[in-house]
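Observations on chain architecture
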Amino acid sequence: MKTKSSVKQVSEKDSSALQELFVDSLKDIYWAEKHLAKALPKLAKAATSDDLKAAFELHTTETETHVERLEQIFELVGQKAVAKKCEAMEGLLKESDSIKEDTEKGTLVRDCGLILAAQKVEHYEIASYGGLRTLAQKLGLDEVAGILQTTLDEEGTTDKKLTELAESYVNEEAAQED
């Protein structure tokens, strides 16, 4: 493994491979965001508390903006916006479906499960956008890196809001439902 001090300038060949990885990863998160935008209204409908419903509705709007930003990034790097199936997001969304099936409708236990599932999605997105931002910086795509940072910041805020919601009352009241 190369240490920071031993890393040499990125060669043209390496830069091309890095660019390919970057675009491939963009396609992956593009698919993920498009599918999340479809799944979030279903999560809002399944939620018990009005606060969680509202959080999912707000994140639906934000996710639609994330899709638009990704399309802007594709344009900036001279690529067609094409989605590549994201196995990770598909799995995370399936997990949220199973939480809906395994919990009783109208309970805060269900909301606990939905928050947990949503935070897993947020952490995947945070990792993806953080990695993409770093690659964009390395490739000298400063404008793209800035756009990715904006989305990364929003994903972090959503994660914090979900934690606050869980800790404010959802987890406590769910524990009293049994």
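Residues numbered from 1 in each chain as written. Predicted model: local features only at pLDDT ≥ 70, side-chain atom pairs only at ≥ 80, totals over all residues. Heavy atoms only, no water.

1. Here we look at the packing of helix H2 (residues 50–76) against helix H4 (residues 108–138)
Basically, it comes down to this: Between the N-to-C directions of two axes lies an angle of 0 to 180 degrees, each axis being a line fitted to C-alpha atoms and, for a helix, fitted only over the stretch in contact. Secondary structure counts use DSSP, requiring at least four H or I residues in a row for a helix and at least two E residues in a row for a strand, with both numbered from the N terminus. Note on terminology: angles under 35 degrees are roughly parallel, angles over 145 are roughly antiparallel, angles of 65 to 115 are roughly perpendicular, and the others are oblique. When the near helix sits turned anticlockwise from the far one by under a right angle, the crossing is termed left-handed; a clockwise turn instead gives a right-handed crossing. In this description, contact between two residues means that some pair of their heavy atoms is separated by no more than 4.5 Å. Residues are grouped as follows: Ala, Val, Leu, Ile, Met, Phe, Trp, Tyr, Cys and Pro are nonpolar; Asp, Glu, Lys and Arg are charged; every other residue, Gly included, is polar.
For the pair H2 and H4, interaxial distance at closest approach is 13 Å and the crossing angle is 20°. Comparing their axes, H4 and H2 come out roughly parallel. Remark: the crossing between H2 and H4 carries left-handed chirality. Contacts between H2 and H4 pair Leu-52, Phe-56, His-59, His-66 and Leu-70 from the former with Asp-111, Leu-114, Ile-115, Ala-118, Glu-122, Glu-125 and Tyr-129 from the latter. For the contact of H2 with H4, the class distribution of residues is 7 nonpolar, 2 polar and 3 charged.

2. Some points on the pattern of salt bridges
Definition in use: Any carboxyl oxygen of Asp or Glu within 4 Å of a side-chain nitrogen of Lys or Arg constitutes a salt bridge here.
Applying the stated criterion across every chain yields a total of 5 salt bridges. Taking the shortest distance from any N to any O, the salt bridge between Asp-97 and Lys-100 comes out at 3.4 Å. Of this pair, Asp-97 and Lys-100 both sit in helix H3 (residues 87–102), 3 residues apart, roughly one helical turn.

3. As for the packing of H3 against H4
In contact at an axis separation of 9 Å, H3 and H4 are set at 175° when each is read in the N-to-C sense. Taken together, the axes of H3 and H4 are roughly antiparallel relative to one another. Two secondary-structure elements touch here, H3 through Ala-88, Met-89, Leu-92, Glu-95, Ser-96, Ile-99 and Lys-100 and H4 through Arg-110, Gly-113, Leu-114, Ala-117, Lys-120, Val-121, Tyr-124 and Glu-125.

4. A closer look at the nonpolar core
Applicable threshold: Definition used in this section: a nonpolar core is a set of buried Ala, Val, Leu, Ile, Met, Phe, Trp, Tyr and Cys residues joined via side-chain atoms within 4.5 Å. Relative accessibility decides the category of a residue: with a 1.4 Å probe and only protein chains considered, values under 20% of the type maximum give buried, values over 50% give exposed, and everything between is partly exposed.
By size, the foremost hydrophobic cluster in this structure holds 49 residues, and its most contacted members are Phe-22, Phe-56 and Met-89. At the level of elements, helix H1 (12–46), H2, H3, H4 and helix H5 (142–175) are the ones that each hand at least two residues to this core. With 14 residues, the single largest contributor to this core is H1. Those residues in contact with Phe-22, other than ones at most four positions away along the chain, are Ile-73, Val-77, Leu-132, Leu-135, Ala-136, Leu-139, Leu-141, Val-144 and Leu-148.

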